[in-house]
Amino acid sequence: MKFLFTPVFLLFLALPVFSQSDAEIGAIYVEKSEASLLEGDLDSALEYFSKARRYIKEIEDSNVARVGAMVSNEVRDYTKAKILTQLYFDLNPDNKTSEYQDMLLMYVNIEEAMEAIAIEDEKLRLEKLEQERQQRRLDSLTAIWTAEYETFLINMDSISAFNSYNIAVYFKGGNVGIMDHLGQVLVEANTYKEAIEYDGFVLLLDNVERPTRIYAYNAASKDGYQLPSVTQFLPQAYDFGHVMLPRSNGMLVTYPSNANNVFIYDLNTKKYMANPNMEDQLKTMKKNDIIDRFNSDLEIRMDKNWYTIGNALGGGLHPIYNSKKELHGFLNTYNGKMFDASYYKFVGPFCSGKYQIIEDGNSLWMDTEGVKFETLENKSGTYSGNSKFVKNTNGTFQILKEVDGKDHLIFKDKSLVVLEDFLIKNNVGNSGAQK
């Protein structure tokens, strides 16, 4: 009699074989895992046990639970180790064996490890909350400081060196103004294009070459004002022309365009300085053969030529002009010495025994005898304070000043400690870089 085996029948026969084979294979991997664990090869032990679990879907053998618990414990997967240890106790209730006692000890160790981890996690959680609280406080204080800091910023392009009167010329948008060392604007930079600072005076000009407006600031008296128009005194003049350095005696000399005279102004008394009655002086000059003659217009004749004598520069020196209103030279009315205008382009007011002269485009100094000097002390002096103007990356400036050994931001009558010290003062730790 022949039997016909259908595919379905064969499948049913094969199922128990495959199931038994999975369990056996899983058991082999469990053995390998335990052997690797005893050898101290945790990576292999974990890999073998993971392979065993692919074949052992449900753990029904206490040995599998034991090995899995030990491997999980060694790799510090305490949650899984605890579950497998409890499963071991469920599958092996015999508590008299040494194996059971070893597993019980491991279970206690797992519990302690998990408790320590929970304590550490709670500690870290609280530390994180404290760090977040501190960060919020830091952010809040930094925002408060930054808002105040913004009021200490100065918008300008650059600033010159300060003098002993604590003032300097600053530049903004192509204009010049005057500022003190605390950031107080004394003259706004919105009108004048050029500045001249010397001997305690600052002159602001509306034009570099031919200014028509001059603002004078007396650093000592903190007094500033605009000079009257040059045309009030020299109607034919177009502008102030070349402006010489102001001197400590308050004298200012300029050489107006289209005028046969210099403009001399006393910056202290705010008065135009015209020649006094020259008739007696001209008579003396004629007597001493310095001039040939003079007329009722107080013009002088020298070497067969007539000249107009200009306002006194001091020390007996006067500019003289020819009939074309051109500067001919500078005449010392005391001794008749002539300084030719082809060589001495401009001469400033006499002060402290010296004139400023412009010679071949260079600014020099000269005494009444014509002896030249390259330098002369600027009586504006040098700055002795401790304000430091610092340019920020965004182009603004801030003023730093040391107060009681610490840097402070300064602006007018306000003071602000730098960010780091501000945070320390408010009991915030190391804050990082200053703004």
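Given the structure is predicted, the values throughout are model-derived calculations rather than measurements.

Enquirer: Even after reading the chapter, I still don't get the packing of helix α4 (residues 78-91) against helix α5 (residues 98-150), so can you show me in this structure?
Expert: With their axes 10 Å apart at the nearest point, α4 and α5 run at an angle of 150 degrees to one another. It follows from the interaxial angle that α4 and α5 lie roughly antiparallel. For the element pair α4 and α5, the recorded crossing hand is left-handed. From α4, Tyr78, Thr79, Ala81, Lys82, Thr85, Gln86, Tyr88 and Phe89 reach across to α5, where they touch Glu99, Tyr100, Met103, Leu104, Met106, Tyr107, Ile110, Glu111, Ala113, Met114 and Ile117. Across the contact of α4 with α5, the residue classes tally to 13 nonpolar, 3 polar and 3 charged.

Enquirer: Honestly, the sheet that holds strand β18 (residues 338-340) in this entry has me stumped. Any pointers?
Expert: In a beta sheet, neighbouring strands are held together by backbone hydrogen bonds and run either parallel or antiparallel to one another. If you trace the 6 strands from one edge of the open sheet to the other, you get β13-β14-β15-β16-β17-β18, paired in antiparallel fashion. What marks the edges here is a single partner per strand, and that holds for β13 (293-294) and β18. Inspection of the sheet shows strand β15 (residues 305-309) paired to strand β16 (residues 317-321) by 2 bridges, in the antiparallel sense. Bridging from a neighbouring strand, Ile309 pairs with Ile320 of β16.

Enquirer: Help me understand the nonpolar core, please; the structure alone is not making it clear to me.
Expert: Core analysis: the biggest nonpolar cluster contains 28 residues, and Trp145, Ile154, Met156, Phe389, Leu409 and Leu423 have the highest contact counts within it. Elements represented by at least two residues in this core include exactly α5, β2 (167-172), β24 (397-403), β25 (406-411), β26 (414-417) and α7 (419-425). Sorting elements by how many residues they give to this core places α5 first, with 4 residues. Ala45, Ala52, Ala69 and Tyr88 belong to the second largest nonpolar core, which has 24 residues in total.

Enquirer: Sorry, what's going on with the side chain of Gln356 here?
Expert: Note that Gln356 resides in strand β20 (residues 355-359). One polar contact links Gln356 to Ser363, side chain to side chain, over a distance of 3.0 Å. If near-sequence neighbours (up to four positions away) are discounted, Gln356 is found in contact with Met244, Leu245, Arg247, Phe346, Val347, Gly348, Ser363, Leu364 and Trp365.

Enquirer: Just checking my understanding: could you explain the sheet that holds strand β6 (residues 201-205) for this structure?
Expert: In space, the 4 strands of this open sheet follow the order β5-β6-β7-β8, with antiparallel pairing throughout. Unpaired on one side and paired on the other, β5 (194-198) and β8 (223-226) mark the two borders of the sheet. Taken over all neighbouring pairs, the strand axes of this sheet differ in orientation by 15 degrees on average, direction set aside. Sheet topology note: the β6/strand β7 (residues 214-218) ladder contains 5 bridges and is antiparallel.

Enquirer: Can you walk me through the packing of aromatic side chains in this structure?
Expert: Two aromatic rings are characterised by how far apart their centres lie and by the angle between their planes. If you walk through the whole model with that rule in mind, you get 21 aromatic pairs. When the centroid spacing of 5.1 Å and the interplanar angle of 35 degrees are considered together, the rings of Phe162 and Phe389 count as tilted. You can see Phe162 sitting in the loop between β1 (158-159) and β2 and its partner Phe389 sitting in strand β23 (residues 387-391), a full 227 residues away along the chain. Note on accessibility: Phe162 and Phe389 belong to one class, buried. A network of ring pairs unites the aromatic residues Phe233, Phe240, Phe263, Tyr265 and Tyr272 as a single cluster. When the ring centre of Phe373 is taken as reference, the NZ or CZ atom of Lys354 above it lies at 4.6 Å. Positioned above the aromatic ring of Phe152 is the side chain of Lys414, whose terminal nitrogen or guanidinium carbon lies 4.7 Å from the ring centre.

Parameters at a glance
Residues numbered from 1 in each chain as written. Predicted model: local features only at pLDDT ≥ 70, side-chain atom pairs only at ≥ 80, totals over all residues. Heavy atoms only, no water. Axes fitted to C-alpha atoms, helices over the stretch in contact; angles between N-to-C directions. Helix = DSSP H or I, 4+ residues; strand = E, 2+ residues; numbered from the N terminus. Parallel < 35°, antiparallel > 145°, perpendicular 65-115°, else oblique. Left-handed = near helix turned anticlockwise from the far one by under 90°. Contact = heavy atoms within 4.5 Å. Nonpolar A, V, L, I, M, F, W, Y, C, P; charged D, E, K, R; others polar. Pairing = 2+ DSSP bridges. Core = buried A, V, L, I, M, F, W, Y, C linked by side-chain atoms within 4.5 Å. Buried < 20%, exposed > 50% of the residue type's maximum accessible area, 1.4 Å probe, protein only. Polar contact = N/O pair within 3.5 Å; in protein donor to acceptor, adjacent residues only side chain to side chain. Phe/Tyr/Trp six-rings, centres within 6.5 Å; stacked < 30°, edge-to-face > 60°. Lys NZ or Arg CZ within 6 Å of the ring centre and 35° of its normal.

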